[in-house]
Amino acid sequence: MNEDIKEVLYSKQQIEEVSKKIGVQLTNDYADKKPLVICVLKGAVLFMADIIRKIDTYVEIDFMDVSSYGEATVSSGEVKIIKDLDVPVEGRDILIVEDIIDTGKTLQCLVNLLKHRKAASVKICTLLDKPERRMEGIIPDYVGFQVPNEFVVGYGLDYKGMYRNLPYVGILKSEVYENN
Ligand code: 5GP
Ligand code: MG
Ligand code: MG
């Protein structure tokens, strides 16, 4: 599995440090709010699990699964809800946790939906941001790292369902998806 990675961008330790830093900010920003933290499945599972343990105040969590990419490495521009929330969002302070923001289409759709459902506030926390490819006016409130316009995997991010369990974020060798 490691031999499919061209370059490690962010190590396990760098991710740990950045989650701690964001956790401190979230603890301050949400000190009196009891936010509903929404994990966008499946990519954000690892980041969400690490982040919430660094938030030292009351939080509730829920999960949502949306699809935009299918098995390709470029966005289809379509966003489909596969699993909706269990908890009502009306009046809640929402923190969306994402693995990566690329075009921003997925998040634009989610933010619109949550506002339509009358969330009191909606903020975005993403491990990775790929601002070069942005097509929507989405600006994340909390960002782990910016990444270049490359297809990355690991720490939750997949290619065809694989590589999520890598403890770091790395660039996938192009021959891996060109030969598939
Ligand atoms: P967007 O709607 O912002 O274009 O796409 C967001 C979703 O596309 C992410 O949540 C992620 O699932 C997927 N995605 C975008 N860029 C990458 C990437 O470099 N690697 C992987 N594994 N997934 C990506
Ligand atoms: Mg995602
Ligand atoms: Mg994916």
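Residues numbered from 1 in each chain as written. Chains lettered and ligands numbered in written order. Predicted model: local features only at pLDDT ≥ 70, side-chain atom pairs only at ≥ 80, totals over all residues.

Chemist: How should the site of ligand 1 be read in this particular structure?
Modeler: Within the structure, ligand 1 sits among 19 residues, and Asp102, Thr103, Lys105, Thr106 and Leu157 are positioned closest to it. For the shell around ligand 1, the elements supplying multiple residues, two or more each, are strand E5 (93–101), helix H3 (105–116) and strand E8 (152–153). Residue composition of the shell around ligand 1, by class: eight nonpolar, six polar and five charged. (Near = placed C-beta within 6 Å. Helix = DSSP H or I, 4+ residues; strand = E, 2+ residues; numbered from the N terminus. Nonpolar A, V, L, I, M, F, W, Y, C, P; charged D, E, K, R; others polar.)

Chemist: Even after reading the chapter, I still don't get the pairing of strand E9 (residues 169–172), so can you show me in this structure?
Modeler: Regular strands have side chains that alternate between both faces of the sheet. In terms of strand pairing, strand E1 (residues 5–10) meets E9 through four bridges, oriented antiparallel. For Val8, the partnering residue across the bridge sits in E9 and is Gly170. Judged from the two bridges that link them, E8 and E9 form a sheet pairing that is antiparallel. Along E9, the bridge assignment pairs Val153 with Gly170. (Pairing = 2+ DSSP bridges.)

Chemist: Which parts of the structure should I look at to understand the nonpolar core?
Modeler: General note: in soluble globular proteins, nonpolar side chains tend to be found buried as a group. By size, the foremost hydrophobic cluster in this structure holds 43 residues, and its most contacted members are Ile38, Phe47, Ile94, Ile96, Val97 and Tyr155. With six residues, the top contributor of residues to this core is E5. Every residue in contact with Ile38, bar those within four places of it in the chain, is listed here: Asp62, Met64, Leu85, Ile94, Leu95, Ile96 and Val97. (Core = buried A, V, L, I, M, F, W, Y, C linked by C-beta atoms within 7 Å. Buried ≥ 20, exposed ≤ 12 C-beta atoms within 10 Å, placed from the backbone. Contact = placed C-beta atoms within 7 Å.)

Chemist: Just checking my understanding: could you explain the sheet that holds E9 for this structure?
Modeler: Strand pairing in a sheet is mediated by backbone hydrogen bonds. Such pairs are either parallel or antiparallel. Reading across the sheet, the three strands line up as E1-E9-E8 and stay open at both edges, with antiparallel pairing between neighbours. Of all strands in the sheet, those bounded by a partner on one side alone are E1 and E8.

Chemist: Explanation requested: helix H2 (residues 45–52) in the structure shown.
Modeler: Think of an α-helix as 3.6 residues a turn; residues three or four steps apart then line up on the same face. Listed in full, the buried residues belonging to H2 are Leu46, Phe47, Met48, Asp50 and Ile51. The elements touched by buried residues of H2 are helix H1 (12–29), strand E2 (36–41), E5 and strand E6 (121–129).

Chemist: In this structure, what is going on with H3? I would like to understand it.
Modeler: Compared with the 16 Å implied by 1.5 Å per residue over twelve residues, the 17 Å span of H3 between its first and last C-alpha is a close match. Burial in H3 covers these residues: Thr106, Leu107, Leu110 and Leu114. Summarising the axial view, the buried residues of H3 lie within an arc of 85°, below the 170-degree limit, and thus occupy one face. More than 90 degrees from the buried face of H3, the exposed residues found are Asn112 and His116. Summarising the contacts, the buried residues of H3 are in contact with strand E3 (60–67), E5 and E6. Where H3 terminates, the next one or two residues include Lys118, which has phi positive at roughly 70°. (Expected span 1.5 Å × (residues − 1). Arc of directions from axis to C-beta.)

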